[in-house]
There are 4 protein chains.
Amino acid sequence: MKAPEPNHAAGNPRVGPFRQRLWRIIFLSDTPAGRLFDVVLLWLIVLSVLLVMMESVESFAVEHGVLVRGLEWFFTVAFTAEFVLRCWVARRPLRYVFSFFGIVDLVSILPSYLELFLTGTHFLMVVRILRLLRMFRILKMAEYLGEASVLLDALRASKHKISVFLFAIAAAVCVEGTVMYVIENGQNAGFSSIPQSVYWAVVTITTVGYGDIAPVTVLGKMMACVIMLTGFSIIAVPTGVFTAELGRSIAEGGATKLSPRSCGECGSTGHPPTARYCHQCGTELG
Amino acid sequence: MKAPEPNHAAGNPRVGPFRQRLWRIIFLSDTPAGRLFDVVLLWLIVLSVLLVMMESVESFAVEHGVLVRGLEWFFTVAFTAEFVLRCWVARRPLRYVFSFFGIVDLVSILPSYLELFLTGTHFLMVVRILRLLRMFRILKMAEYLGEASVLLDALRASKHKISVFLFAIAAAVCVEGTVMYVIENGQNAGFSSIPQSVYWAVVTITTVGYGDIAPVTVLGKMMACVIMLTGFSIIAVPTGVFTAELGRSIAEGGATKLSPRSCGECGSTGHPPTARYCHQCGTELG
Amino acid sequence: MKAPEPNHAAGNPRVGPFRQRLWRIIFLSDTPAGRLFDVVLLWLIVLSVLLVMMESVESFAVEHGVLVRGLEWFFTVAFTAEFVLRCWVARRPLRYVFSFFGIVDLVSILPSYLELFLTGTHFLMVVRILRLLRMFRILKMAEYLGEASVLLDALRASKHKISVFLFAIAAAVCVEGTVMYVIENGQNAGFSSIPQSVYWAVVTITTVGYGDIAPVTVLGKMMACVIMLTGFSIIAVPTGVFTAELGRSIAEGGATKLSPRSCGECGSTGHPPTARYCHQCGTELG
Amino acid sequence: MKAPEPNHAAGNPRVGPFRQRLWRIIFLSDTPAGRLFDVVLLWLIVLSVLLVMMESVESFAVEHGVLVRGLEWFFTVAFTAEFVLRCWVARRPLRYVFSFFGIVDLVSILPSYLELFLTGTHFLMVVRILRLLRMFRILKMAEYLGEASVLLDALRASKHKISVFLFAIAAAVCVEGTVMYVIENGQNAGFSSIPQSVYWAVVTITTVGYGDIAPVTVLGKMMACVIMLTGFSIIAVPTGVFTAELGRSIAEGGATKLSPRSCGECGSTGHPPTARYCHQCGTELG
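First, a word on scope: everything that follows refers to the structure included in this document. (Residues numbered from 1 in each chain as written. Chains lettered and ligands numbered in written order. Predicted model: local features only at pLDDT ≥ 70, side-chain atom pairs only at ≥ 80, totals over all residues. Heavy atoms only, no water.)

## Notes on the overall build of chain A
Heads up, the condition is: Counting from the N terminus, the helices are the DSSP runs of H or I reaching at least four residues and the strands are the DSSP runs of E reaching at least two. Classification of residues uses two cut-offs on accessible area relative to the type maximum, computed with a 1.4 Å probe and protein chains only: under 20% is buried, over 50% is exposed, and between them is partly exposed. In what follows, a contact means two residues having at least one pair of non-hydrogen atoms within 4.5 Å.
Of regular secondary structure, chain A possesses 12 helices and 0 strands. Sequence-ordered secondary structure for chain A, helices as α and strands as β, is α-α-α-α-α-α-α-α-α-α-α-α. Within chain A, the proportion of its 286 residues that are buried is 51%. Of the contacts made within chain A by residues no fewer than 6 positions apart, 54% connect residues no fewer than 24 positions apart.

Structure (structure tokens):
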């Protein structure tokens with residue numbers, strides 16, 4: 001989620017001023033033009049994603065076939081232009097192309113061109129949906145950057161704990177699924193194999209509960225109750241982990257950002273933003 | 001949610017004492033009469049909403065047709081009287097009419113009058129149920145004011161983070177829905193299009209799990225397990241964000257309440273428990 | 001949840017030592033005999049509750065009719081004996097009889113006697129289930145008392161906030177239910193009236209999602225997605241409120257309980273349990 | 001989850017250096033060879049568990065019968081070899097055999113041998129899936145040890161509170177299930193007995209909501225709404241308890257890390273940020 005071209009941040013002496021200005025508009029969003037570019041691009045992305053979705057609705061695709069194909073090519077050309085532009089203004093085009101967003105950009109325009117040469121390309125749909133990944137670009141918008149980084153920091157800090165938790169959950173659903181298989185198998189078509197039962201256990205422990213598979217025996221229902229109550233309590237773990245990390249992350253970030261005015265005399269911190277005097281030694285704060 | 005008529009708070013010299021007293025009863029709830037007015041109004045609102053609901057139950061509407069229409073007109077007249085009264089006592093009637101609660105008040109009496117002239121106004125039922133929004137006046141009552149404002153502060157403070165989160169969720173369900181569409185389409189009538197699959201993804205990731213659509217292929221079930229466990233972990237994010245903000249909000253509010261050591265000189269509060277000097281005027285705290 | 005007979009706590013000079021000892025065994029659990037009494041009673045309660053449950057299973061009731069009736073009378077006699085004993089040893093029997101637990105005790109033995117005189121008493125089942133309330137006696141067990149009081153404190157402290165939240169939820173499900181009724185009514189038998197739609201909204205917003213009612217129109221599904229994502233975010237509110245209150249409650253309770261050793265010299269608190277010297281003035285802690 | 005052989009930690013003078021090195025590889029993971037052993041073992045466990053699962057899929061078991069039996073014996077022999085090796089290198093083999101992991105190790109190889117003599121041993125499948133428990137050895141690996149112990153500490157600290165909570169939930173579902181039984185019984189085959197209704201209450205209060213049983217009467221649906229909203233609020237309790245404990249647990253651990261002002265004299269840590277004197281030896285902190 002880093003800005004893909006940090007090497008440009010300090011300007012680029014080797015390219016002309018026009019390309020440099022273009023680079024700033026396209027890759028950053030600290031100018032009015034740059035913001036406008038981002039917003040227009042964002043809307044194009046959202047609309048193209050909606051188009052891909054609507055295309056999959058058969059009745060819609062049949063009825064508006066020409067419109068759909070027309071719009072599809074409009075988006076493809078627009079995104080191609082954007083991609084070429086990005087390659088042109090970037091100082092190290094290859095580095096952009098092989099960056100996360102570069103690959104996403106490329107992958108989201110390729111399917112349309114491939115369709116010209118290939119037919120019956122059902123699997124291209126998978127590739128085309130990668131266009132959706134472009135939506136994550138919104139995270140680059142400066143306004144939200146700070147917030148997202150706090151969230152990501154908290155997620156990163158709780159990575160190991162969440163791994164341990166997911167590992168424990170995986171083990172739990174395997175054991176629970178097997179137990180339910182032994183209990184229900186024979187009386188209940190839904191528990192026909194252990195993988196199927198494990199799927200049920202996941203559906204249950206996450207409290208999703210589709211109901212396509214449900215226990216029918218008395219023992220199975222008792223076991224299900226235990227599993228559900230466990231799952232209910234277990235939901236506390238990721239929330240607790242994330243909350244604790246986020247609380248710490250906010251507390252630390254907040255302390256640094258909000259009160260840079262630690263006392264110059266005694267060094268004590270924690271003054272509220274409106275403080276005028278140090279609350280430890282009474283010295284006026286700078 | 002602000003008090004709609006702050007300009008009245010300090011009294012209104014241009015209107016007579018009777019209208020001023022009436023204004024206080026109707027717009028505030030700091031007098032016994034004002035409280036009574038609020039409570040009666042609240043019950044009228046609740047009963048009128050229940051009536052609108054019951055009206056939609058066909059057997060009930062047929063059986064008690066006359067009663068329903070009678071009560072409907074009773075409520076309409078009562079709310080009209082209240083609206084006219086509010087306009088009369090308010091110093092700036094137009095400002096009240098175009099305030100949030102003014103519009104809600106007007107909108108909740110209009111449908112009944114419109115039905116006199118129009119027919120087939122089924123959708124006016126929705127408008128009529130908006131009367132419910134008038135119940136939020138209760139939040140202005142003293143015992144809830146503080147609580148509601150703490151909750152709203154915490155929500156406001158976590159607004160950006162929750163936006164980022166909802167956006168990430170939206171992107172996730174689009175990608176997941178599309179993947180499931182590619183996997184299940186053809187074998188499962190439930191995944192007939194991408195929008196349908198995205199709907200399934202939302203139902204799953206929020207752990208609602210109706211079960212009207214459920215994966216049937218092995219690959220689909222495996223994918224569903226991954227999505228469910230992700231959703232399960234993701235539930236931690238809004239909770240964590242809100243809890244952290246609320247904790248901070250309470251802690252700050254609490255600091256004011258818990259530290260009796262407000263400055264004796266300038267009266268400023270918010271000193272941390274270990275403070276020795278007022279951070280506003282530098283006086284030593286008692 | 002208070003101990004029902006606080007007036008006995010300091011002993012009771014008017015009754016003999018035997019009744020006083022008996023009172024201590026029955027009403028408190030600070031002696032080995034008192035603990036044993038509690039454990040035996042607890043098991044009797046659990047078993048009698050299980051019996052009531054199993055009685056409702058038709059095949060079981062038919063097959064083991066004699067056993068069921070025999071056990072039922074055994075429990076009735078045992079609980080009657082307990083009730084009489086409690087009345088006898090209590091200094092103010094009436095006060096016990098009309099206390100929360102006294103009523104529960106009485107109500108849980110009455111149905112069996114009433115059945116001797118009345119027949120076809122289907123509604124007695126409701127009364128009999130009140131016996132379940134006896135299970136809450138476990139809260140009296142000293143070991144858990146501290147924990148429960150922290151939980152109850154946190155719940156009590158967040159009472160107003162949770163009210164505001166439940167109020168907002170109630171308003172939300174009414175509005176959402178009505179909107180869904182207008183959208184789905186006619187195409188979907190599940191949304192046949194507003195109360196029915198409100199029921200669906202509650203099922204959805206709480207993420208229970210039975211699936212007995214599910215939207216079928218495109219607009220309905222889109223609306224449902226919005227409602228689900230809102231519900232998903234809203235789950236954060238009660239959790240956040242309770243967590244924040246509990247965190248404060250634990251922090252305060254912990255500070256008081258764990259370190260009674262505030263500094264005798266400067267009065268500063270917050271010393272960790274292992275502290276030997278005051279961290280403010282360096283005086284040795286007592 | 002303790003290391004099963006703490007008595008080996010300081011080396012074992014009575015056994016030869018080869019066995020001692022082998023012991024280090026097998027029981028610890030602080031050498032490259034030890035890590036490799038752990039990783040290989042982990043994969044064998046995962047694969048053997050997958051095999052047991054796949055075996056339960058009838059079509060797979062029929063088609064690949066020979067392969068399945070072959071792999072089953074390969075895993076059995078491998079795990080037997082590992083078990084024998086562990087017994088040989090352990091200083092006190094019996095202590096290992098009767099430790100938690102020793103029993104799990106033994107239990108996971110026994111079923112295959114038992115199947116040679118017994119037939120119709122369907123339920124041994126459950127026992128074989130217990131191999132999964134061996135995966136928890138991974139938690140002994142250094143990078144997870146700290147995380148797991150923080151999580152376990154928080155769980156252990158909130159044990160009593162979670163017990164009280166689960167007990168309250170158990171009492172609640174019993175009461176709610178009985179009430180729903182009284183309301184719905186007769187009109188709804190799903191509420192045919194109290195245990196069945198309690199099962200429904202658990203499914204509802206945990207927000208799983210299969211939908212195999214759902215209220216059909218108006219009163220039942222109203223009651224269900226109340227139960228759902230309660231369950232929704234109640235989810236806050238375990239999360240709040242765990243988060244608060246984890247926050248404290250992290251804060252305490254964090255305090256050590258964050259406050260660089262450990263005492264220069266005695267090295268003791270854990271001073272609050274405002275501490276001026278060491279709380280162990282009274283020295284002024286730097």
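Having seen the model, we can carry on.
## Let's talk about the pattern of salt bridges
When their charged atoms lie close together, side chains carrying opposite charge are able to pair. Residue and element names in this part refer to chain B. We apply this condition: Any Lys or Arg side-chain nitrogen found within 4 Å of a carboxyl oxygen on Asp or Glu counts as a salt bridge.
Applying the stated criterion across every chain yields a total of 6 salt bridges over all chains. Measuring nitrogen to oxygen at the nearest pair gives 3.9 Å for the salt bridge that ties Arg 86 to Asp 105. Within this pair, whereas Arg 86 is found in helix 4 (residues 65-89), its partner Asp 105 is found in helix 6 (residues 100-117), the two being separated by 19 residues in sequence. According to the relative accessible area criterion, Arg 86 is buried, its value standing at 0%. Each member of the salt-bridge network shares a partner with another, and the members are Glu 82, Arg 86 and Asp 105.

## Focus: the packing of helix 10 (residues 194-205) of chain A against helix 11 (residues 218-234) of chain B
Put simply, the rule is: Orientation is described by lines fitted to C-alpha atoms, with helices fitted over the stretch in contact, and by angles between N-to-C directions that extend from 0 to 180 degrees. Just so you know how the angles are binned, under 35 degrees is roughly parallel, over 145 roughly antiparallel, 65 to 115 roughly perpendicular, and the rest oblique. For any pair of crossing helices, the crossing counts as left-handed if the nearer helix is rotated counterclockwise from the farther one by less than a right angle, and right-handed if it is rotated clockwise.
Two numbers describe how helix 10 of chain A lies on helix 11 of chain B: the axes approach to 9 Å, and their chain directions differ by 25°. Classified by the angle between their axes, helix 10 of chain A and helix 11 of chain B sit roughly parallel to one another. Of the two elements, helix 10 of chain A crosses helix 11 of chain B, and the hand of that crossing is left-handed. The segment helix 10 of chain A lies against helix 11 of chain B, with Gln196(A), Tyr199(A), Val202(A), Val203(A) and Ile205(A) engaging Lys221(B), Ala224(B), Cys225(B), Met228(B), Leu229(B) and Phe232(B).

## Observations regarding the relation of the copies chain A and chain D
So the rule is basically this: C-alpha atoms of residues with pLDDT of at least 70 in both copies form the basis for the least-squares superposition of the copies.
You can overlay chain A on chain D at an RMSD of 0.2 Å; the transform is a turn of 90° with a shift of 0.0 Å along its axis. Expressed as a symmetry operation, the mapping of one chain copy onto the other fits a four-fold axis. A distinct binding surface is used by each copy, with only 15% of the interface residues of chain A retained as interface residues in chain D.

## With respect to the side chain of Lys221(A)
Short version of the rule: Counted as positive: Lys and Arg. Counted as negative: Asp and Glu, with His and the chain ends omitted from the count.
The topology assignment puts Lys221(A) in helix 11 (residues 218-234). The buried charged residue Lys221(A) lacks any salt bridge partner; its closest oppositely charged side chain belongs to Asp212(D), at an N-O distance of 5.4 Å. What Lys221(A) contacts, discounting residues up to four positions off in sequence, is Pro215(A), Val216(A), Gln196(D) and Tyr199(D).

## Structural notes on the interface of chain A and chain D
We apply this condition: Buried surface area refers to the total accessible area, computed with a probe of radius 1.4 Å, that the two partners give up upon joining, counted for both partners together. A 3.5 Å cut-off defines polar contacts: any pair of N or O atoms within that distance qualifies, except that in protein one atom must be a possible hydrogen donor and the other a possible acceptor, and neighbouring residues in sequence count only when both atoms are side-chain atoms. Basically, the charged four are Asp, Glu, Lys and Arg, the nonpolar ten are Ala, Val, Leu, Ile, Met, Phe, Trp, Tyr, Cys and Pro, and anything else, Gly included, counts as polar.
Taken together, the contacts link 48 residues of chain A with 48 residues of chain D. Note on chain A versus chain D: buried area summed over both sides is about 4,100 Å², and carbon and sulfur give 78% of it. Across the chain A-chain D interface, the total number found is 4 residue pairs in polar contact (both at pLDDT 80 or more). Counting only elements with at least two residues in the side of chain A that touches chain D, the list comes to helix 9 (159-184), helix 10, helix 11 and helix 12 (236-258) of chain A. For the side of chain A that touches chain D, the leading source of residues is helix 9 of chain A, giving 13 residues. Broken down by class, the residue content of the side of chain A that touches chain D amounts to 28 nonpolar, 15 polar and 5 charged.

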